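The residues making up each chain are set out below.
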Amino acid sequence: MSDLDQLTQSLARNLKRWRGERGFTLDALAARAGVSRGMIIQIEQARTNPSVGTTVKLADALGVSIATLLDYEQGSPVRLVPESQAVRMWSTDAGSSTTLLIGTDARGLLELWSWRLMPGDSSASDPHPEGTVELLHVTAGELTLVVDGTPYAVPAGGSASFDAHHPHAYRNDGPDPVEVTMAVSIPPVR
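This one's a predicted model, so the numbers in the text were calculated from it and none came from an experiment. (Residues numbered from 1 in each chain as written. Predicted model: local features only at pLDDT ≥ 70, side-chain atom pairs only at ≥ 80, totals over all residues. Heavy atoms only, no water.)

We now examine the packing of helix α2 (residues 26-33) against helix α3 (residues 37-44). Where α2 contacts α3, the axes come no closer than 9 Å and their chain directions differ by 110°. With respect to α3, the axis of α2 lies roughly perpendicular. For the pair α2 and α3, the crossing hand works out as right-handed. Residue-level contacts link Leu 26, Asp 27, Leu 29 and Ala 30 of α2 to Arg 37, Ile 40, Ile 41 and Glu 44 of α3. Residue composition of the contact of α2 with α3, by class: five nonpolar, no polar and three charged. (Axes fitted to C-alpha atoms, helices over the stretch in contact; angles between N-to-C directions. Helix = DSSP H or I, 4+ residues; strand = E, 2+ residues; numbered from the N terminus. Parallel < 35°, antiparallel > 145°, perpendicular 65-115°, else oblique. Left-handed = near helix turned anticlockwise from the far one by under 90°. Contact = heavy atoms within 4.5 Å. Nonpolar A, V, L, I, M, F, W, Y, C, P; charged D, E, K, R; others polar.)

Read across the sheet, five strands follow the order β1-β9-β6-β11-β4 without closing on themselves; strand pairing throughout is antiparallel. Looking at strand neighbours, the two that pair on one side only are β1 (78-81) and β4 (109-117), the edges of this open sheet. Taken pair by pair, the neighbouring strands of this sheet meet at an average axis angle of 15°, ignoring direction. Pairing of strand β6 (residues 133-140) with strand β11 (residues 178-186) involves seven bridges; the strand directions are antiparallel. Considered in β11, the bridge of His 137 is made with Thr 181. (Pairing = 2+ DSSP bridges.)

Let us look at helix α4 (residues 52-62). Those residues of α4 lying buried are Thr 54, Thr 55, Leu 58, Ala 59, Ala 61 and Leu 62. All buried residues of α4 lie within an arc of 165° about the axis, which places them on one face of the element. Residues of α4 that are exposed and point over 90 degrees away from its buried face: Val 52 and Asp 60. With its phi angle positive at about 75°, Gly 63 sits one or two positions after the end of α4. (Buried < 20%, exposed > 50% of the residue type's maximum accessible area, 1.4 Å probe, protein only. Arc of directions from axis to C-beta.)

So, about the packing of α2 against α4. Where α2 contacts α4, the two axes come as close as 8 Å, and the packing angle between them is 110°. Classed by the angle they form, the pair α2 and α4 counts as roughly perpendicular. Crossing handedness for the pair α2 and α4: right-handed. Contacts from Leu 29, Arg 32 and Ala 33 in α2 reach Lys 57, Leu 58, Ala 61 and Leu 62 in α4. Here the contact of α2 with α4 is built from residues that sort into five nonpolar, no polar and two charged.

Applying the stated criterion to the full structure yields five salt bridges. Arg 37 serves as the salt-bridge partner of Asp 27, at 3.1 Å between the closest nitrogen and oxygen. With Asp 27 in helix α2 and Arg 37 in helix α3, the pair connects residues that are 10 residues apart, well separated along the chain. The class for Arg 37 is partly exposed, based on a relative accessible area of 39%. (Salt bridge = Lys/Arg side-chain N within 4 Å of Asp/Glu carboxyl O.)

What follows is the structure, encoded as structure tokens:
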């Protein structure tokens, strides 16, 4: 599959996903974006590559970034962010700083959790409602995140996000305690 084909498929999948998550009909999105209903149908069916301007209008109408709308990786329920890709937003000579570890475009309730898993411990979770997203940042040890039966190693300093409507679990397979800060975004009830 060529890069253009992959981009077309990603845009089709993501546009349909975000339109559904926002609860927009084709007509509602067309009106919000100033893009014809027919064009949206063609994009969602991966039959056309819209102009950059059309893509910007759709992203703005959905309240997401263009990068989110074009993200090739949206097919995966997990996004890993290594420590090296965290974004330092500001810092001072005194040593103060803020770092954006990971983000999501999800809307709804948001919970922040602090986890500590001792060596050999684990915690499994049933799938959450469709649209629930979990973000986590490991501050000590190495977490084994299991989503849909697939394990993902998240070392100290690393972050991950995943669609939590999949079965998932958190494990400490290592010799040291694992400490994790986690945010859970739960979509509003419609």
